[in-house]
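Coordinate inspection notes
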Amino acid sequence: MEESNPTGMVLDMVFKSAVLPLLVAGATAFLLGKFGPRSLASRRDVTAASGLLLGFAAGFFALNGLTEFPPILATNWPPYFALAALAIFVWIKPERFWFRFGGAVLLVGLCLWFNLRPLIENSWETGTAAMWLAGLGSVWIATLMIWPFALGEDQAEQPLFLVLCATAASLVAVMDGSVSVGQSAGTLASAAGGLFLVRLVLPDLRFGGTLHAVFLSAWGAMLLNAQFYVEVAPLAVALAAAMPFFALLMKLPRANDWPAWKRAALLLGTSVIPFVIAVVYLIQNQNKDYYY
Amino acid sequence: MILSHRLKALLLAVFAMVSVPVVSGDTYDIDPYHSSVLFAAQHFGAGWNYGRFNEFEGTIEYDASNPAATKINVTIKAGSIDTANAKRDKHLRSPDFFNAAQFPKITFKSTKVEAKGDVMHVTGELTMLGKSNPVSFKLTKTGEGKGMQGETLVGFHGEGSLKRGEFGMNYGIAKGALSDEVKLVISVETVKK
């Protein structure tokens, strides 16, 4: 057995879930944006989406190991969902509404089926499964449709919104049951942080429907894992799941004319509210037993 | 003549029935109220922390005259894990460890038993987290008795260990937070069917 090393354990976690995804996402987006093929120029959100995917996948596999494919554990699907999102949304050209809707339905269908398959096949009655799939699918597809419409492509503060949403998914999972699921969501937050940093030096970097699909597929799967496999309190999961809908505030009259800091303050300042409520709720209802 | 052939056949059949030894023994149900399935893992290389599963069922086919023919089938409900700490139990049920929502059952089926007196060396297939691996342990018959209803009771005690990483349960192994090796202690009382 390896000699116990608590400090090393924490540093290892921090590197894999925070530093590595940020570096990989940032380096990928920067290199593709700066030196990538010209064909990417017309689809510049693909650059950011590729960075997010690779950064997230690097952290995820560093934490959980490069496991078998298809994954045996339902919780190991998120990087593949993100990859599917990139492939589908590059293929369908998400600028057109109905193409985007079709892509969202296909993507969410795939994610729900593979993520919840053990429960659909072994635990749920048909009616229960239909209810969950319809409800979750509707919300998930709605986020995929709302984001490109509400957030647009050139808002520099977008990655910070992604960081906040992913941090919420991470924290509710860590606080209420599973460190590994929470860390995996943390890698998504760090990868989004990498995009924010690159946007500071590459103002041309765009954040469109492809990036939103990559992020929301992985992020949604993390919340499914928290709800169905980690036993996180449903209220905390619901509050975290409500956060993407605050993007609609960007459609307030003249909001697009505001300076970035003002838009960021509105978006982050309001969407953090359900996050804070979830954290307070979990702290108040937390079992105080200590066992680490 | 015909009657004679039929008589011979009947006599041969009767002879065969009484002279061939019974291959399988009696079947005993595990009595969960008088049985324990315990496990232990080492915390930061120091103490061995014990826990138990509160819900399990199974059968043991056992023939005292031929212990090597023993067959064991056990199913454990992963979600019934109990370490006397509710927060830790929730963590143990999560995907970090037993992933009880996706894999609600842990099963063991013996494949080979070698016996020396009342001590049996049992090898079987343990299925956990969707993976099956061979596991071996020592099982000893601890005694026999009669229950309140006159039923026949037989007790067994087993000890062994496994590497949880072989089942994909890797959380905490790196940096030695929680040992890869998990000790198993199984003490069951069985009731003859």
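Residues numbered from 1 in each chain as written. Chains lettered and ligands numbered in written order. Predicted model: local features only at pLDDT ≥ 70, side-chain atom pairs only at ≥ 80, totals over all residues. Heavy atoms only, no water.

Chain B carries the name YceI family protein in an unreviewed UniProt entry, which gives Sulfidibacter corallicola as its organism.

1. Considerations on the overall build of chain B
Helix and strand counts for chain B stand at two helices and eleven strands. Starting at the N terminus and walking to the C terminus, you meet the elements of chain B as α-β-β-β-β-β-β-α-β-β-β-β-β. Burial statistics for chain B: of 193 residues in total, 42% are counted as buried. Considering only intrachain contacts with a sequence separation of at least 6, the fraction spanning at least 24 residues in chain B is 54%. (Helix = DSSP H or I, 4+ residues; strand = E, 2+ residues; numbered from the N terminus. Buried < 20%, exposed > 50% of the residue type's maximum accessible area, 1.4 Å probe, protein only. Contact = heavy atoms within 4.5 Å.)

2. A look at the UniProt feature "transmembrane region" (unreviewed entry) in chain A
Residue and element names in this part refer to chain A. Mapped onto this structure's residue numbering, the UniProt feature "transmembrane region" (unreviewed entry) falls at residues 13–33, 45–66, 72–92, 97–116, 128–147, 159–175, 232–252 and 264–283. The span residues 97–116 carries 100% helix and 0% strand; its end-to-end C-alpha distance comes to 28 Å. As annotated, residues 264–283 comprises 100% helix and 0% strand, and the C-alpha atoms at either end are separated by 27 Å. (UniProt positions renumbered as here; feature names shortened; annotations may be inferred.)

3. Some remarks on the UniProt feature "domain: Lipid/polyisoprenoid-binding YceI-like" (unreviewed entry) in chain B
Summarizing the sequence annotation, UniProt attributes the feature "domain: Lipid/polyisoprenoid-binding YceI-like" (unreviewed entry) to residues 27–191 of chain B in the numbering used throughout. Structurally, residues 27–191 of chain B comprises 5% helix and 59% strand, and the distance from its first C-alpha atom to its last is 8 Å.

4. Section: the state of the cysteines
Disulfide: a covalent bond connecting the sulfur atoms of a pair of cysteines. Inspection of every chain in the model, using the stated rule, returns zero disulfides over all chains. In this model Cys 111 of chain A remains outside any disulfide bridge; the closest cysteine sulfur is found in Cys 165 of chain A, 17 Å from its own. (Disulfide = S-S within 2.5 Å.)

5. Side note on the packing of aromatic side chains
Under the criterion given, the structure shown has 22 aromatic pairs over all chains. The interplanar angle of 70° and the centroid separation of 5.2 Å between the aromatic rings of Phe 97 of chain B and Tyr 171 of chain B together place this pair among those described as edge-to-face. On the criterion of sequence distance, the pair formed by Phe 97 of chain B in the loop between helix 2 (86–93) and strand 7 (105–116) and Tyr 171 of chain B in the loop between strand 10 (152–163) and strand 11 (178–192) is long-range, its members being 74 residues apart. Tyr 171 of chain B shares its class with Phe 97 of chain B; the two are buried. Grouping aromatic residues by their ring pairs yields a cluster made of Phe 56, Phe 60, Phe 61, Phe 69, Trp 77, Tyr 80, Phe 81 and Phe 114 of chain A. Seen from the ring of Phe 149 of chain A, Lys 251 of chain A lies directly overhead, with NZ or CZ sitting 4.7 Å from the centre. The ring centre of Trp 48 of chain B lies 4.1 Å from the NZ or CZ of Lys 183 of chain B, which sits over that ring. (Phe/Tyr/Trp six-rings, centres within 6.5 Å; stacked < 30°, edge-to-face > 60°. Lys NZ or Arg CZ within 6 Å of the ring centre and 35° of its normal.)

6. A look at the layout of surface pockets
One number sums up the size of the second largest pocket: a volume of about 740 Å³. Lining the second largest pocket are 36 residues, and of these Leu 63, Asn 64 and Ser 180 of chain A together with Asn 170 and Tyr 171 of chain B lie nearest its centre. Contributions of two or more residues to the lining of the second largest pocket are made by helix 1 (6–35), helix 2 (44–64), helix 7 (179–201) and helix 8 (209–228) of chain A. Residues belonging to the lining of the second largest pocket are distributed by class as follows: 17 nonpolar, 13 polar and six charged. (1 Å grid on protein atoms, 1.4 Å probe; cavity = no way out; pocket = protein on both sides within 12 Å on 5 of 7 lines; lining within 4 Å. Points joined across faces, edges and corners; volume = space filled by probe spheres on them. Nonpolar A, V, L, I, M, F, W, Y, C, P; charged D, E, K, R; others polar.)

7. Structural notes on the interface of chain B and chain A
Often, the extent of an interface is quoted as the loss of accessible area on bringing the components together. Between chain B and chain A, the contact holds 28 residues from the first and 33 residues from the second. Summing both partners gives a buried area of about 2600 Å² for chain B against chain A, and 58% of it is carried by carbon and sulfur. Taken as a group, Lys 87, Gln 102 and Lys 175 of chain B account for 27% of the area that chain B buries against chain A, more than any other trio of residues on that side. Here Arg 93 of chain B ties to Glu 231 of chain A by a salt bridge, and the two come within 2.9 Å at their closest N and O atoms. Applying the counting rule to chain B against chain A returns eight residue pairs in polar contact (both at pLDDT 80 or more). Contributing elements (two or more residues each) for the side of chain B that touches chain A: strand 2 (36–43), helix 2 and strand 11 of chain B. Per-element tally for the side of chain B that touches chain A: the top contributor is helix 2 of chain B, with six residues. Looking at the side of chain B that touches chain A residue by residue, the class counts come to ten nonpolar, eleven polar and seven charged. (Buried area = accessible area lost by both parts, 1.4 Å probe. Salt bridge = Lys/Arg side-chain N within 4 Å of Asp/Glu carboxyl O. Polar contact = N/O pair within 3.5 Å; in protein donor to acceptor, adjacent residues only side chain to side chain.)

8. A few points about the nonpolar core
Residues Leu 52, Leu 116, Trp 147 and Phe 215 of chain A are the most contacted members of the largest nonpolar core, which totals 89 residues. Counting residues per element, this core draws most heavily on helix 8 of chain A, which supplies 13 residues. Apart from residues no more than four positions distant in its own chain, Phe 215 of chain A is found in contact with Leu 52, Trp 147, Leu 162, Cys 165, Ala 166 and Leu 188 of chain A. Ranked by size, the runner-up nonpolar core spans 42 residues in total, among them Tyr 28, Phe 39, Leu 129 and Leu 139 of chain B. (Core = buried A, V, L, I, M, F, W, Y, C linked by side-chain atoms within 4.5 Å.)

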